[in-house]
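Chain and residue survey
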Amino acid sequence: MAEANLIREGFLCPICHKDLRSPNNLIAHFQDLHSEEQDILKSIKDLYGKAKKKILKLDEQDLETFKNEITLEKYYLEISEPQEPGQIRTHTDYFKAVRRERLDHRTTETNKLIIRLDRLLRFYGSDRKQQEQELVAWLDGSTVTRCPSCASSFNITRRQHHCRLCGSIMCNSCSYFLPYETAQAIVAPVHNVDVNNREQVQGKEPDSLRICNHCLDMLESRRRVQLEQMRQPIICQLYNHLQNLKSQTQSSVDLYLKMYNSLTSGETTFHLQDTQALRATIAKKAESIDILSKKIASLPVDEETPKVELLQNSIRRATSHYIKDYLLTLPAPPSIQELEKIKRERSLRNIEEENQMAVKTNIKRVTVTTGWSPAAVSNDNTEAEDPLIEQMNIVRNYIDQARKAQRFEEVASLQENLKMLKETYKHQQLMRDS
């Protein structure tokens, strides 16, 4: 008796008395299950239309009342005296705690999806569907009668489909096909998957994964974060390029100073033309550095970020000082006359030192021509068969190739090797003559 007198409210079906919670669901339910009762369906639509008009009319009346109340409140505020603010309580800490908890939960769920997606990319073949079901448990289709996204009922024409990442059920219209290329871009590290091989195994199966809108939203958020991390402002890109040019110029400057000191001390490790070519290269790099710093200084600046303009001017100013005080002050290489004079003075010092050593040790000094060049090599078969001469010729060939490529560090190393070979050969000749 109590159940008979029970009053139920809501959008109830007049046939099965089921609460559909909204008028659209009620009409769709009646069309799907009780389509034969057209008179009742028409009465429901008329009733819904009348209720809608009444609600809209009440809304218009409430709007007019609200406008009148706002006008009166504004009037009272204008004539009333200003009030002092009362006690203030901040909810920032509570907001941060709630936000941190939700972000941690979303990050955890996203990481799980990434791990599953990583494993799915390794599956291909005729049994891929079985492998997918083993990776994540699929929801039982018998327990779901409608699509959770659009509330459409499943039937012969509207089939159930499972998300490969979470195992939930949705209809074809609410599912999304994630291409393998996009999935590989999301997952790190990128896997080298042979797409052609997969297509041969799967036949006509599309090269993509079916996922739901919820998983798609989480993967897109992860992808946006990746792109934001990879993207750099134009000023950062130009500054990195500027620093790379400075690093290259620094190595060239160090090598130039080494070559200059070697030439001015009378050594024959480096050649004058190599030093001049390297100085010209440093001048070109200095010009490139100056152009790049001007480009950084001329970048457009937002009015809301005045510190960026200060940063650009500081970079330009520091670069100008670097070029002026460091690159333009490099000593010029000696001229040919100065170089010949330095070599003669060094040769005289070497002869004097050798004479002093010969007097001290009472060893007979043997005069040998300094330097060894291909023109000085005799065509005698004995010398041609000497392995030292053959090695010296090979090293000279390497030196010519390195000099053409402006790899002066290798030129210096090869020159040292050639010098050692010459000293060894000279020592052998002295031992043979004695």
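For every chain, the first residue of its written sequence is number 1, and the numbers climb from 1 along that sequence. A pLDDT threshold of at least 70 governs which residues receive local features in this predicted model, and a stricter bar of 80 or more applies before side-chain atom pairs are shown or counted, although totals over entire chains, interfaces and linings include all residues. By convention in this description, side-chain values take in all heavy atoms of the structure and omit both hydrogens and water.

Among the structural elements, Gln273 can be located in helix α9 (residues 272–297). The exposure class assigned to Gln273 is partly exposed, which follows from its relative accessible area of 47%. For the pair formed by Gln273 and Arg403, sequence separation is 130 residues and the distance between their alpha carbons is 9.6 Å. Each helix corresponds to a stretch of at least 4 residues labelled H or I by DSSP, and each strand to a stretch of at least 2 residues labelled E; elements are numbered beginning at the N terminus. Relative accessibility decides the category of a residue: with a 1.4 Å probe and only protein chains considered, values under 20% of the type maximum give buried, values over 50% give exposed, and everything between is partly exposed.

So, on to the pattern of salt bridges. Where charged atoms of side chains with opposite charge meet at close range, the side chains can pair. Salt bridges are defined as contacts in which a side-chain nitrogen from Lys or Arg sits within 4 Å of a carboxyl oxygen from Asp or Glu. Tallying each qualifying case throughout the model produces six salt bridges. Between Arg122 and Asp118 there is a salt bridge, and its shortest N-O distance comes to 3.6 Å. Glu132 serves as the salt-bridge partner of Arg164, at 3.0 Å between the closest nitrogen and oxygen. On the criterion of sequence distance, the pair formed by Arg164 in the loop between β1 (161–162) and β2 (169–170) and Glu132 in helix α4 (residues 128–135) is long-range, its members being 32 residues apart. Judged by relative accessible area, which is 17%, Arg164 ranks as buried. Since its relative accessible area comes to 2%, Glu132 is described here as buried.

Here the focus is the nonpolar core. Core analysis: the largest hydrophobic core is formed by 27 residues, its most contacted members being Leu117, Cys163, Leu165, Ile211, Cys215 and Leu219. Contacts: residue pairs with any heavy atoms within 4.5 Å of one another. In this structure Leu165 touches Leu113, Arg116, Leu117, Leu120, Val136, Ile211, Cys215 and Leu219, once residues within four positions along its chain are discounted. In plain words, nonpolar cores are sets of buried Ala, Val, Leu, Ile, Met, Phe, Trp, Tyr and Cys residues tied together by side-chain atoms within 4.5 Å. Core analysis: the second largest hydrophobic core is formed by 23 residues, Leu245, Tyr256, Ile323 and Leu330 among them.

Our next topic: helix α14 (residues 408–433). In a helix, the anticipated span is given by 1.5 Å times the number of residues less one. In this model α14 runs 37 Å from its N-terminal to its C-terminal C-alpha over 26 residues, within 8% of the 38 Å that 1.5 Å per residue would give. If you check which residues of α14 are buried, you get Phe408, Val411, Ala412, Leu414, Gln415, Leu418, Leu421, Tyr425 and Gln429.

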